[in-house]
Amino acid sequence: MVTEEGIVQQISATKALILINRSSACAGCHSRSACMPSENKEMTVEAINDINAQVGDRVQVSVPTSSLLKATFLVYFVPVLALITGAITGNNIAPSLQIDPTLASMLCGFFAMGAVFGAVKWFDRGANSKTKYWPRVTRILPPLELLSCDNK
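Quick look at the structure, then. (Residues numbered from 1 in each chain as written. Predicted model: local features only at pLDDT ≥ 70, side-chain atom pairs only at ≥ 80, totals over all residues. Heavy atoms only, no water.)

**Focus: the overall build of the protein**
Along the protein, the regular secondary structure elements total five helices and five strands. What you see in the protein, going N to C, is helices and strands ordered as β-β-α-α-β-β-α-α-β-α. Classification of the 152 residues of the protein by burial places 24% in the buried group. About 10,500 Å² of surface is accessible on the protein, with carbon and sulfur atoms providing 62% of the total. (Helix = DSSP H or I, 4+ residues; strand = E, 2+ residues; numbered from the N terminus. Buried < 20%, exposed > 50% of the residue type's maximum accessible area, 1.4 Å probe, protein only. Areas by Shrake-Rupley, 256 points an atom, 1.4 Å probe, with all protein chains shown as cover.)

**Regarding the nonpolar core**
Val8, Ala16, Ile18, Ile20, Val45, Ala47, Ala53, Val59, Val61 and Val137 form the largest nonpolar core, which has ten residues in total. Of all the secondary-structure elements, those providing two or more residues to this core are strand S2 (15–21), strand S3 (42–48) and strand S4 (58–63). Tallying contributions element by element places S2 first for this core, with three residues. Once residues lying within four places of it in the same chain are set aside, the contact partners of isoleucine 20 are Glu4, Glu5, Gly6, Lys41, Glu42, Met43, Val45 and Val61. (Core = buried A, V, L, I, M, F, W, Y, C linked by side-chain atoms within 4.5 Å. Contact = heavy atoms within 4.5 Å.)

**Topic: the pattern of salt bridges**
Within the structure shown, the criterion is met by two salt bridges. As a salt-bridge pair, glutamate 5 and arginine 58 come within 2.8 Å of each other at their nearest N and O atoms. Separated by 53 residues along the polypeptide, glutamate 5 in strand S1 (residues 2–11) and arginine 58 in strand S4 bring together distant segments of the chain. A relative accessible area of 41% places glutamate 5 in the partly exposed class. Put simply, arginine 136 and aspartate 50 hold a salt bridge, and the shortest N to O gap is 3.0 Å. On the criterion of sequence distance, the pair formed by arginine 136 in strand S5 (residues 136–141) and aspartate 50 in the loop between S3 and S4 is long-range, its members being 86 residues apart. For arginine 136, a relative accessible area of 29% corresponds to the partly exposed category. (Salt bridge = Lys/Arg side-chain N within 4 Å of Asp/Glu carboxyl O.)

Structural data, given as structure tokens:
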């Protein structure tokens, strides 16, 4: 599981808005600009609140690794595969259509990639209703003040 720590900002019946400071794991990620377009180190995440965390609680938020890998595969790999497959298909059908193979490759590749992006968007709408893809509040952590050791 991928886990992060944050502070509950707002709660509703079954969900919580969590303010998370991006961890050092984000620094090594090549796709961090997609999540953090600015240098702001904080992000807000909506998570399922099964453990009834309250506003101000320091919590651990987890996302199942399988869900994260599936989403990464759908968003990054499948569209590139569609682009390549469409380009090869366009190149192969160009002679029968009597058009330039380069033009056919570009058109078919971009069409296939666009179709896959549409399918991914459709999948995203369906996945939003399935709680297995949502982050979850998994633990209420002790406040940071209790962790510091002041021996006065």
